Amino acid sequence: MEKALIGKKLGMTQVFNEKGGVVPVTVVEAGPCPVVMVKTGGSDGYEAVQLGFGEIRVNKLTKPLLGHFQKQGVAPRRTLREFKLSAELKVGDVLKADIFEMGDRVDVVGTSKGKGTAGVLKRWNFSKLKESHGSGPVGRHGGSLGACSTPSRVYKGKKMAGRLGGERVTVQNLTVVKVDAENNLLAIKGAIPGPRGGIVLISASVKA
């Protein structure tokens, strides 16, 4: 069975390996994730499993979403996500952090931190002008944008100032350094996208 969980990023710390080396890790609260719905090729056209994560009060749900949970006979969950897992799972089964083991390779999907509107230096790592003499107030500007009389326009995709961050980001092939099954915690080597408290999706690496 493929492995997948919904989790919450708790922050970064460091652990020591058996050789005494320092390993930077991100701690994720992974699960428990009950199976809310199982989709099959016959009824839905594809196979997938819908997992839930996080508690939520009933009065915070919309009526369609509440009816979905009641139809499946599962307690309401704050977050719902689909994963292409095998159909061996049944509605009501609960997946916890212990489905992963130390040394497993995983892909982590999250939403990067939103930075708002940013200039070209911060957004695209442009170089600024020399500020020793004569640059004036344009030291951090983007410079010339268009071409000459042909094509007399700015090409699509031009690197300019604009919205930075707040996007879906996938970091692939990270290593699970430690599993705390009792507290449903995973220590994953390296950084993963998003702020503390952000929702992340953890699945078995497609490259491993």
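Before any of the text, the structure's been laid out above.
Everything quoted here is computed from the prediction, not taken from an experiment.

Things to note about the overall build of the protein chain
Next up, step 1: A count of helical and extended segments in the protein chain gives three helices and 12 strands.
Next up, step 2: A globule of 208 residues ought to have a C-alpha radius of gyration of about 17 Å, yet the protein chain, at 23 Å, is considerably larger.
Next up, step 3: With respect to the three principal axes, the spread of C-alpha positions in the protein chain is 70 × 50 × 35 Å.
Next up, step 4: Evaluated residue by residue, the protein chain yields a buried proportion of 34% over its 208 residues.
Next up, step 5: Working note: accessible area of the protein chain is about 13100 Å², and carbon and sulfur atoms make up 50% of it.
Next up, step 6: Counting 33 positive and 17 negative side-chain charges, the protein chain places the centres of these two groups 14 Å from one another.

Observations regarding the sheet that holds strand E2 (residues 22–30)
Next up, step 1: Around the barrel, six strands lie side by side as E1-E2-E11-E10-E7-E12; this closed barrel has antiparallel pairing. The mean angle between the axes of side-by-side strands here comes to 50°, regardless of whether they run parallel or antiparallel.
Next up, step 2: As paired strands, strand E1 (residues 4–16) and strand E12 (residues 199–204) are joined by five bridges and run antiparallel to one another. Bridged to Gly-7 within E12 is Val-200.

Observations concerning the nonpolar core
Next up, step 1: Leu-51, Val-106, Leu-186, Ile-188 and Ile-202 are the most contacted members of the largest nonpolar core, which has 28 residues in total.
Next up, step 2: Within the residue set of this core, elements represented by two or more residues are E1, E2, strand E3 (33–39), strand E4 (48–55), strand E7 (105–111), strand E10 (168–180), strand E11 (185–189) and E12.
Next up, step 3: Apart from the residues within four sequence positions on either side, Leu-186 is in contact with Thr-26, Val-27, Val-28, Ala-30, Ala-97, Phe-100, Val-176, Lys-178, Val-179 and Ile-202.
Next up, step 4: Within the second largest apolar cluster, six residues are counted, among which are Val-36, Phe-69, Val-74 and Leu-80.

Focus on a nonpolar patch on the surface
Next up, step 1: On the surface, a nonpolar cluster with roughly 210 Å² of combined accessible area is contributed by Leu-145, Val-154 and Met-160.
Next up, step 2: With respect to the helices, strands and loops of the structure, Val-154 is situated in the loop between helix H3 (120–124) and strand E9 (162–164).

Calculation notes
Residues numbered from 1 in each chain as written. Predicted model: local features only at pLDDT ≥ 70, side-chain atom pairs only at ≥ 80, totals over all residues. Heavy atoms only, no water. Helix = DSSP H or I, 4+ residues; strand = E, 2+ residues; numbered from the N terminus. Rg over C-alpha atoms; globule rule 2.2 N^0.38 Å. Buried < 20%, exposed > 50% of the residue type's maximum accessible area, 1.4 Å probe, protein only. Areas by Shrake-Rupley, 256 points an atom, 1.4 Å probe, with all protein chains shown as cover. Lys, Arg positive; Asp, Glu negative; His and termini not counted. Charge placed at Lys NZ, Arg CZ, Asp CG, Glu CD. Pairing = 2+ DSSP bridges. Axes fitted to C-alpha atoms, helices over the stretch in contact; angles between N-to-C directions. Core = buried A, V, L, I, M, F, W, Y, C linked by side-chain atoms within 4.5 Å. Contact = heavy atoms within 4.5 Å. Patch = residues over 30% accessible without salt bridge, like charges linked within 9 Å, V, L, I, M, F, W, Y side chains within 5 Å. Salt bridge = Lys/Arg side-chain N within 4 Å of Asp/Glu carboxyl O.

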